[in-house]
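Overview (structure and organization)
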Amino acid sequence: MGKEDRGFASMPPEKQRAIASKGGKAAHEKGTGHEWTTEEAREAGRKGGLASRRRKQEKKEQEPA
């Protein structure tokens, strides 16, 4: 069996979703799951946008003129 034949990424997408769903449900039942508030989601999106913009700017600055 090769490396490409094992692990989560080699599974069909339906099986990955089923396993991930079970993990999420178990976390919420245990009390360790996280529910995003509107404000938390907004802040996370803002941070992601800033990071993306920063990476694009850095890449642009590194290009030869």
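Everything below is about the structure printed above this text.
Residues numbered from 1 in each chain as written. Predicted model: local features only at pLDDT ≥ 70, side-chain atom pairs only at ≥ 80, totals over all residues. Heavy atoms only, no water.

Structural notes on the overall build of the chain
- The secondary structure content of the chain amounts to 2 helices and 0 strands.
- The C-alpha atoms of the chain give 19 Å as radius of gyration, which overshoots the globular expectation for 65 residues (11 Å, by more than 25%).
- Looking at the chain residue by residue over its 65 residues, the buried ones come to 0%.
- Entry remark: accessible area of the chain is about 6100 Å², with carbon and sulfur atoms responsible for 53%.
- Of the charged side chains in the chain, 16 are positive and 11 negative; the average position of the first set lies 1 Å away from that of the second. (Helix = DSSP H or I, 4+ residues; strand = E, 2+ residues; numbered from the N terminus. Rg over C-alpha atoms; globule rule 2.2 N^0.38 Å. Buried < 20%, exposed > 50% of the residue type's maximum accessible area, 1.4 Å probe, protein only. Areas by Shrake-Rupley, 256 points an atom, 1.4 Å probe, with all protein chains shown as cover. Lys, Arg positive; Asp, Glu negative; His and termini not counted. Charge placed at Lys NZ, Arg CZ, Asp CG, Glu CD.)

Digging into helix 1 (residues 13–30)
- The first and last C-alpha atoms of helix 1 sit 26 Å apart over 18 residues, in line with the 26 Å expected at 1.5 Å per residue.
- Phi turns positive one or two residues past the end of helix 1, at Gly-31, with a value near 95 degrees. (Expected span 1.5 Å × (residues − 1).)

Quick word on the pattern of salt bridges
- Under the definition given, this model contains 2 salt bridges.
- Across the pair Arg-42 and Glu-39 runs a salt bridge, and its minimum N-O distance is 2.7 Å. Remark: Glu-39 and Arg-42 occur in helix 2 (residues 38–62); sequence separation between them is 3 residues, near one turn of the helix.
- The closest approach of N and O atoms between Glu-43 and Arg-46, which form a salt bridge, is 2.8 Å. Of this pair, Glu-43 and Arg-46 both sit in helix 2, 3 residues apart, roughly one helical turn.
- Glu-43 gets classed as partly exposed once you look at its relative accessible area, which sits at 30%. (Salt bridge = Lys/Arg side-chain N within 4 Å of Asp/Glu carboxyl O.)

Side note on the environment of Ala-20
- When you line up the elements, Ala-20 lands in helix 1.
- In this structure the C-alpha to C-alpha distance between Ala-20 and Arg-42, which are 22 residues apart in sequence, comes to 24 Å.

Coordinates in, geometry out; function isn't part of it.
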